[in-house]
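Each chain, letter by letter, is given below.
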Number of protein chains: 2
Amino acid sequence: MVKVLVDVFGGDHSPEEILKGCKLALDANSDLCLILAGDEDVIGPKITEYGIDSNRIEILDAKEVISNDESPTEAIRRKKDSTIVKGFEALRQREDIAGFVSAGSTGAVLTGAFLKLGRTPGVSRPALCPMLPTVTGGIVGIVDCGANVDTKPENLVHFALMGNAYMKSVFGVENPRVALLSVGVEDHKGNELTKTTFHMLKDMPQINFVGNMEARDLLSGEYDLVVCDGFAGNVLLKSTEGAVMSFMKMMKENIMSHTSSKIGAMFMKKTFKELKNTLDFNKKGGSVLLGCKKIVVKCHGASKAFSIKCGIEQVVEAERNNVCGIIADAVAEANDAE
Amino acid sequence: MVKVLVDVFGGDHSPEEILKGCKLALDANSDLCLILAGDEDVIGPKITEYGIDSNRIEILDAKEVISNDESPTEAIRRKKDSTIVKGFEALRQREDIAGFVSAGSTGAVLTGAFLKLGRTPGVSRPALCPMLPTVTGGIVGIVDCGANVDTKPENLVHFALMGNAYMKSVFGVENPRVALLSVGVEDHKGNELTKTTFHMLKDMPQINFVGNMEARDLLSGEYDLVVCDGFAGNVLLKSTEGAVMSFMKMMKENIMSHTSSKIGAMFMKKTFKELKNTLDFNKKGGSVLLGCKKIVVKCHGASKAFSIKCGIEQVVEAERNNVCGIIADAVAEANDAE
């Protein structure tokens with residue numbers, strides 16, 4: 001049995017879509033139990049309304065919500081009765097809870113995880129790791145994509161170790177091809193941060209380091225994991241997302257301006273639907289925060305039920321594969337070897 | 001009359017496509033003259049072959065070529081007879097030459113420009129500024145996209161001033177909306193570099209600073225110029241390019257797997273062609289290097305004739321609009337105001 005805590009009041013479509021996602025996850029995973037963090041008075045009646053089995057849930061009453069506009073650090077300190085603060089406190093205190101899923105404020109989730117839950121011993125900085133689809137039908141992870149905007153080479157080395165352990169244990173990638181995001185593929189290309197990191201990664205026997213990667217090759221299928229500081233990783237993730245959205249928008253507008261294209265588009269419905277499905281990065285769960293004492297999944301603010309269901313299943317998968325333990329071992333081993 | 005120097009031996013398709021591009025540019029611009037840098041023995045016969053008017057060109061004999069695999073600094077020092085070294089030396093010495101176009105090694109072009117041509121007085125760091133198409137049919141500039149991978153806030157302020165002057169003078173954008181690339185739109189979001197830069201840009205009366213921009217909104221049409229360090233800018237540019245290419249590849253493969261989509265695609269030829277044309281960032285010239293004593297245009301290594309023609313015309317436009325002078329004034333004024 002796996003127990004997952006869910007922030008019912010995080011995200012644009014909370015609480016409805018979050019609760020619907022919980023129902024989907026419970027229906028699909030018979031050994032799953034959920035702890036729903038949020039206002040009991042609101043959640044209570046909805047449990048019955050959505051047909052959620054009350055024997056498989058627990059409500060963690062939390063009346064406050066942290067919004068995107070608040071300073072994360074202040075909000076975590078001040079809003080003691082918020083879903084995020086109470087959620088992380090329960091996560092730290094209770095051994096039976098495997099992880100936490102939230103579509104709430106990214107800053108608050110990260111700050112909450114750092115301050116209330118705590119890092120895995122030995123990890124210098126936890127990091128966010130989203131997965132993207134590649135043109136060859138596989139996936140590629142980006143670590144870090146925004147948890148750390150000012151980093152040192154040692155941090156990037158830990159990102160690589162954690163991402164590597166995650167790809168191996170959860171996705172069964174035997175020998176993940178780990179690349180370093182840079183401005184060119186040549187060994188000498190990069191800024192001060194990546195140049196030092198390059199040499200550190202090159203010397204690590206634990207990592208199948210394949211060298212520098214240019215941003216344009218992210219989705220090529222040639223890499224399993226891309227290591228970068230959180231600022232560059234955020235730019236990489238969001239510009240990839242944005243370019244795809246912009247392209248679709250341009251295509252839609254262009255189609256409407258040509259009669260022949262309008263006809264063509266009708267025949268291409270299947271392709272458009274499948275592409276949209278493949279490239280909707282936020283539909284299949286969230287970014288996993290690696291390097292905290294338990295698994296935290298940050299879903300996109302716009303997440304709907306299906307995405308929340310996937311986020312919950314990400315915690316289940318990570319728990320089943322003992323990701324936290326494997327990461328702790330990998331980092332400890334590397335730290336000892338230094 | 002405008003005189004432009006062209007590196008005939010830079011790029012994957014040199015010298016043929018470069019010379020064809022020169023011919024296109026000469027045909028389209030009656031008051032243009034070109035100086036062709038490269039091996040005279042090779043260029044000479046081709047001039048006649050391609051029907052280039054020998055009265056409107058001059059050959060700058062240079063027997064060596066700097067490749068992408070060489071260390072730029074070493075190559076610039078060692079290869080005295082290369083198109084890039086000889087080209088930049090001529091550019092510095094001769095008042096009659098307006099600018100330089102090359103599709104050769106980016107590192108060598110930048111190093112050559114810094115060491116042989118020199119910066120505009122007052123400019124802390126020259127910066128590369130490519131233009132991308134937006135979904136609203138306009139353009140957006142990125143400054144810097146790779147000339148400076150380790151920067152200080154003062155450098156980013158100069159990038160903003162130079163890009164602003166460029167957008168105004170060459171593209172006639174009256175009051176360019178200048179944004180700072182960051183990990184969120186909120187004022188407090190960013191890393192140490194962007195947080196300091198944010199406050200500096202906010203206080204500049206010369207700049208219509210509209211705040212932070214997230215990478216996903218690059219092509220939205222809401223911004224005219226995006227300011228960033230060269231590492232992040234390079235990631236922004238290349239991941240946007242890469243995502244569009246990956247999307248097109250995925251679409252092509254998906255179309256081939258459905259009969260109805262194959263039929264639909266035939267009707268959509270016009271749309272595909274127009275989109276490809278709009279989104280081929282490298283087809284319409286190159287990235288302009290702002291902040292050197294003369295205009296330098298770095299075309300993509302894969303440039304064909306049309307792109308070279310556009311690159312030459314970028315120099316012509318910049319010269320006609322006195323970009324170098326306007327940049328020098330803008331930077332001097334801002335430096336004085338400090």
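All residue numbers refer to position in the chain's written sequence, counted from 1. Each chain gets a letter, beginning with A, and each ligand a number, beginning with 1, in the order they are written. At least 70 in pLDDT is required for a residue's local features to be given in this predicted model, at least 80 for side-chain atom pairs to be given and counted, and no such filter applies to totals for whole chains, interfaces and linings, which use all residues. With hydrogens and water set aside, each side-chain value is computed from the structure's full complement of heavy atoms.

A. Region of the structure containing the nonpolar core. We define a nonpolar core as any set of buried Ala, Val, Leu, Ile, Met, Phe, Trp, Tyr and Cys residues linked to one another through side-chain atoms lying within 4.5 Å. Exposure is judged per residue with a 1.4 Å probe applied to protein chains only, and the accessible area is read against the type maximum: over 50% gives exposed, under 20% gives buried, and values in between give partly exposed. One finds F88, L181 and L218 of chain A together with F88, L181 and L218 of chain B to be the most contacted residues of the largest nonpolar core, which totals 111 residues. Contacts are assigned to residue pairs with any non-hydrogen atoms lying within 4.5 Å of each other. The contacts of L181 of chain B, once residues within four sequence positions are left out, are F231 and V235 of chain A together with T194, M213, A215, V226, V227, C228, A232 and L236 of chain B. Among the nonpolar cores identified, the runner-up in size contains 61 residues, and A103, Y166, L290 and I308 of chain A belong to it.

B. Spatial organisation of the side chain of S220 of chain A. Residues and elements named next belong to chain A. Looking at the secondary structure, you find S220 in the loop between strand 9 (208–214) and strand 10 (225–227). What qualifies as a polar contact is a pair of N or O atoms within 3.5 Å, subject to a donor-acceptor requirement within protein and to the restriction that residues adjacent in sequence count only when both atoms come from side chains. Of the polar contacts made by the side chain of S220, one reaches the backbone nitrogen of E222; its length is 3.2 Å. Once you skip the residues sitting within four places of it in the chain, S220 turns out to touch V135 and T136. Counting from the N terminus, the helices are the DSSP runs of H or I reaching at least four residues and the strands are the DSSP runs of E reaching at least two.

C. Molecular detail of the interface of chain B and chain A. Contacts between the two partners involve 56 residues from chain B and, on the opposite side, 56 residues from chain A. Two parts lose some accessible area (1.4 Å probe) when they are put together, and adding that loss for both gives the buried area. When the buried area of chain B at its contact with chain A is split by residue, R216, F231 and F247 of chain B rank highest and sum to 15% of it. Should a side-chain nitrogen of Lys or Arg be within 4 Å of a carboxyl oxygen of Asp or Glu, the pair is scored as a salt bridge. Between K238 of chain A and E214 of chain B there is a salt bridge; the shortest N-O distance is 2.3 Å. For the pair chain B and chain A, the interface holds 19 residue pairs in polar contact (both at pLDDT 80 or more). Going through the elements one at a time, strand 8 (177–182), helix 7 (192–202), helix 8 (230–256), helix 9 (259–267) and helix 10 (269–279) of chain B are the ones with two or more residues in the side of chain B that touches chain A. Sorting elements by how many residues they give to the side of chain B that touches chain A places helix 8 of chain B first, with 23 residues.

D. The packing of helix 6 (residues 153–171) of chain B against helix 7 of chain B, seen in detail. All names here are of chain B. Where helix 6 contacts helix 7, the two axes come as close as 9 Å, and the packing angle between them is 50°. Of the possible angle classes, the one that applies to helix 6 and helix 7 is oblique. Judged by the twist between their axes, the crossing of helix 6 over helix 7 is right-handed. In contact with P153, E154, L156, V157 and A160 of helix 6, helix 7 contributes L193, T196, T197, M200 and L201. In terms of residue class, the contact of helix 6 with helix 7 is built from 7 nonpolar, 2 polar and 1 charged. Think of each axis as a best-fit line through the C-alpha atoms, taken over the contacting stretch in the case of a helix, with angles from 0 to 180 degrees between the N-to-C directions. In these notes the angle categories are as follows: under 35 degrees is roughly parallel, over 145 is roughly antiparallel, 65 to 115 is roughly perpendicular, and the rest is oblique. In this scheme the handedness of a crossing depends on how the near helix is turned from the far one: anticlockwise by less than a right angle means left-handed, clockwise means right-handed. In this classification, Asp, Glu, Lys and Arg are treated as charged, Ala, Val, Leu, Ile, Met, Phe, Trp, Tyr, Cys and Pro as nonpolar, and every other residue, Gly included, as polar.

E. Region of the structure containing the relation of the copies chain B and chain A. A least-squares fit on C-alpha atoms brings the copies together, and the residues used are those whose pLDDT is at least 70 in both copies. The transform that puts chain B on chain A rotates by 180° and translates by 0.0 Å along the axis, for an RMSD of 0.0 Å. Here the transformation between the copies is reduced to the relation of a two-fold axis. By C-alpha distance to the rotation axis, the residue of chain B lying nearest is G264 of chain B, at 1.9 Å. Counting the interface residues of chain B, we find that 100% of their copies in chain A are interface residues as well, pointing to one common contact surface.

F. View of the pattern of salt bridges. Across all of its chains, the model carries 42 salt bridges over all chains by this definition. The residue D81 of chain A makes a salt bridge to K86 of chain A at a minimum N-O spacing of 3.0 Å. Overall, the relative accessible area of 24% leaves D81 of chain A in the partly exposed class. On the basis of relative accessibility, which here comes to 28%, the residue K86 of chain A falls in the partly exposed class. Here E70 of chain B makes a salt bridge to R78 of chain B, at a shortest N to O gap of 3.6 Å.

G. Focus on the pairing of strand 1 (residues 2–7) of chain B. Residues and elements named next belong to chain B. Of all the 6 residues making up strand 1, 6 are buried; the element is thus mostly covered by neighbouring parts of the structure. Of the two faces of strand 1, the one lined by V2, V4 and V6 and the one lined by K3, L5 and D7 are each fully buried. At least two DSSP bridges between two strands are needed for those strands to be called paired. Sheet topology places strand 1 next to strand 2 (residues 32–38); 6 bridges connect them, and they run parallel. Opposite V6, over in strand 2, you have L36 as the bridge partner. The handedness rule is simple: strands pointing away from the viewer, and a clockwise path from the first strand over the helix to the second, make the crossover right-handed. With respect to chirality, the unit in which strand 1 leads through helix 1 (residues 16–28) into the neighbouring parallel strand 2 is right-handed. Taken together, the 4 bridges between strand 1 and strand 4 (residues 97–102) define a ladder with parallel strand orientation. By the bridge assignment for strand 4, L5 is matched with F100.

H. Up close: the packing of aromatic side chains. All names here are of chain B. Aromatic rings from Phe, Tyr and Trp, taking only the six-membered ring of Trp, are treated as a pair when their centres fall within 6.5 Å; an angle between ring planes under 30 degrees marks them as stacked, one over 60 as edge-to-face, and anything in between as tilted. Overall, the coordinates contain 8 aromatic pairs over all chains when judged by the stated rule. Consider the rings of F198 and F209, whose centres lie 5.2 Å apart with planes at 75°: the pair is edge-to-face. Placement of F198 in helix 7 and of F209 in strand 9 (residues 208–214) is noted, with a sequence separation of 11 residues between them. Under the relative-accessibility criterion, F209 is labelled buried at 16%.

I. The packing of helix 4 (residues 83–93) of chain B against helix 5 (residues 106–117) of chain B, seen in detail. Residue and element names in this part refer to chain B. Direction vectors running N to C along helix 4 and helix 5 enclose 35°, while the axes themselves pass 9 Å from each other. The handedness of the crossing between helix 4 and helix 5 comes out as right-handed. Where helix 4 abuts helix 5, its residues I84, V85, F88, E89, L91 and R92 lie against A108, V109, G112, A113, K116 and L117. Across the contact of helix 4 with helix 5, the residue classes break down as 8 nonpolar, 1 polar and 3 charged.

So yeah, pure geometry; function would need other evidence.
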